[in-house]
Structures are given as C-alpha cells and as structure tokens.
Amino acid sequence: MKIRKNPPTALAASVSCLYTPTQCQLQLCNPLRLYLVFNINKCQGRQRVARISSSLNPQGAMDFSMEEEEVGPDVTAAPPPTPGRIDILVTKDVITQLDLTPAHEVFRKYVEPPDDPQELFKRTVGFVLDYERDDPLDPRELSEYPDIRLWFVRLDAAYPWLPIVLDWRAGELSRYVAMLVPHQMSRQLGLVFNPEALELFAMNKLFLLYTWLNARKVPKPAVRINDMMRILGFGISEQLYSLLEESPHP
C-alpha cells in the first residue's frame, strides 16, 4: 500500500515470526500454533518492535509504556511493490462516499467469468492511499482513522478473498489486516494487534479461502493459505484441513 500526501506518517509493516514448541501444544481441538513475536517497522524515522501478547488486564485491554524503544537492524522496511502489481487508487472522496468503484473496476476484469484468479496471483494487488488529513498535526496512523477503516471493512465484505491476492512481499497483507483487526499503537511497541481478534480474523479467512480456492480449482490451496497464515503469525495443522475435507462446505 502506497501512501500519498503524508508519506512520513505512512504505516509500513514488515512481519516476521518466532516460534518455540513450548509456547503451545498442537491439538486437534486447537489446530493453530501461534507465533508470538511480530516485528513491525513504522515509517517515522525509526524502527520499532511489536510483540503480540495474550496476557490482558482484567478489563481486557493492554497497557503500554509510553517510552520510546529503538529496534536493532533485524527489522527492515517492507520491500518495494512487486513489478507489474495492480494498484488500486483510493482517494479521500472515495472513502467518504464508501465508494468501491476503484476496486470494482479492477476486479471485474479478473473475477467475472471465467473467474480465474491466476493473473491476480501472478501480478498481486496493492493500494495507493491518497488521503489528506484535515489536521496535519493529527498523530494517528491512517489505520486508526474510522472512515478509512470503514471503507476497508466494506471492501472486505465485497471481496472477502482479497487477502490471498495482495502483494505480501511488499507488506500489503499486514497493512490490510491493520484496517480490519483491532490494534493499538504503542510508542514502545509500535503496532500491536489484539491477539484474539487476529486469531478470529485468520480462521475466518482460512475457512472462506479454502472453499473459494477449491471452487476455482486452484492447485494446492492449503499450501497457498499456509503461506498467508505464516505472514500473519500462525501455523496450521494438517488435521484442520482433513476436517474440512471430511465436512465440506455445502
């Protein structure tokens, strides 16, 4: 996702995962293995680290220190867009009107009959967000603006399979998720997703995409989905896919 007008406050997330077997057990009733460390880079002249924690206070909220924390060289900015990527320009007027026309104009070329998503997989999809803040001193990230988030909620409702064709390499998936999943911005930790909300989002997409990919005869749908899930920080057991095959979508 490219940001115009205010590039210094753009949100560019680069996600990597760390897993240790002692953090949770792989069980049939819980087919997710959660990777608990996310590295996030914010384009504000410094790098930060964000850790997902399942430990919440009694009110169900996370408490953050307001102290700055520099991050080492391990966290890097997301790579540039994939060559040939399909960019969707989203302006402030489009967002205000909840107008999905820019997305419709792109996707009708690919998802109407014969409904073959292969070119979308090859080229990938990204967003160019042309949004000028009313208050240039507003410290919020674009993913914290209610009108922008609402536009992406409607987009996701119209095209719920969209995450599978985003430009993952350039960080589009993590930025897309930030528009849809509750999170907080911490000066110390950067972008921190609510872990339970992220898990629900991930499982919803897994169930939907497994059916969507199979219906379109996409080879090895579980492999493609697992690649996406790893970017979000999840490992999926083969047992889950076996259950889906035993009880297919009607």
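Figured I'd write up the structure that's included with this text. As the structure is a computational prediction, the values presented were derived from the model and not from experiment.

### Looking at the packing of helix α4 (residues 146-158) against helix α5 (residues 172-180)
Helices that pack against each other are described as a pair by the angle of their axes relative to one another and the distance between those axes.
Logical step 1: Running from N to C, α4 and α5 point in directions that differ by 105°, and their axes come no closer than 8 Å. Comparing their axes, α5 and α4 come out roughly perpendicular. When α4 is examined against α5, the residues Ile148, Arg149, Phe152, Val153, Leu155 and Asp156 are found in contact with a partner set consisting of Tyr176, Ala178, Met179 and Leu180.

### What to know about the nonpolar core
Logical step 1: Counting residues in each nonpolar core, the largest one holds 57 residues, and the members touching the most others are Phe107, Phe127, Leu155 and Leu162.
Logical step 2: Of all the elements, helix α6 (residues 195-215) adds the most residues to this core, at 10 residues.
Logical step 3: When sequence neighbours within four positions are dropped, the list of residues in contact with Leu155 reads Leu100, Ala103, Phe127, Leu162 and Tyr176.

### Re the environment of Pro80
Logical step 1: Relative to the assigned elements, Pro80 resides in the loop between β5 (50-51) and β6 (86-91).
Logical step 2: Classification of Pro80 as exposed rests on a relative accessible area of 54%.
Logical step 3: Separated by 89 residues in sequence, Pro80 and Arg169 have C-alpha atoms that sit 8.1 Å apart.
Logical step 4: Setting aside its immediate chain neighbours within four residues, Pro80 contacts Arg169 and Ala170.

### Focus: helix α2 (residues 101-111)
Logical step 1: If you check which residues of α2 are buried, you get Pro102, Ala103, Val106, Phe107 and Tyr110. Looking straight down α2, one finds that the buried residues subtend no more than 95° of arc, so they occupy a single side.
Logical step 2: Summarising the contacts, the buried residues of α2 are in contact with β6, α1 (92-96), α3 (118-123), β7 (125-130) and α4.

What counts and what doesn't
- Residues numbered from 1 in each chain as written.
- Predicted model: local features only at pLDDT ≥ 70, side-chain atom pairs only at ≥ 80, totals over all residues.
- Heavy atoms only, no water.
- Axes fitted to C-alpha atoms, helices over the stretch in contact; angles between N-to-C directions.
- Helix = DSSP H or I, 4+ residues; strand = E, 2+ residues; numbered from the N terminus.
- Parallel < 35°, antiparallel > 145°, perpendicular 65-115°, else oblique.
- Contact = heavy atoms within 4.5 Å.
- Core = buried A, V, L, I, M, F, W, Y, C linked by side-chain atoms within 4.5 Å.
- Buried < 20%, exposed > 50% of the residue type's maximum accessible area, 1.4 Å probe, protein only.
- Arc of directions from axis to C-beta.

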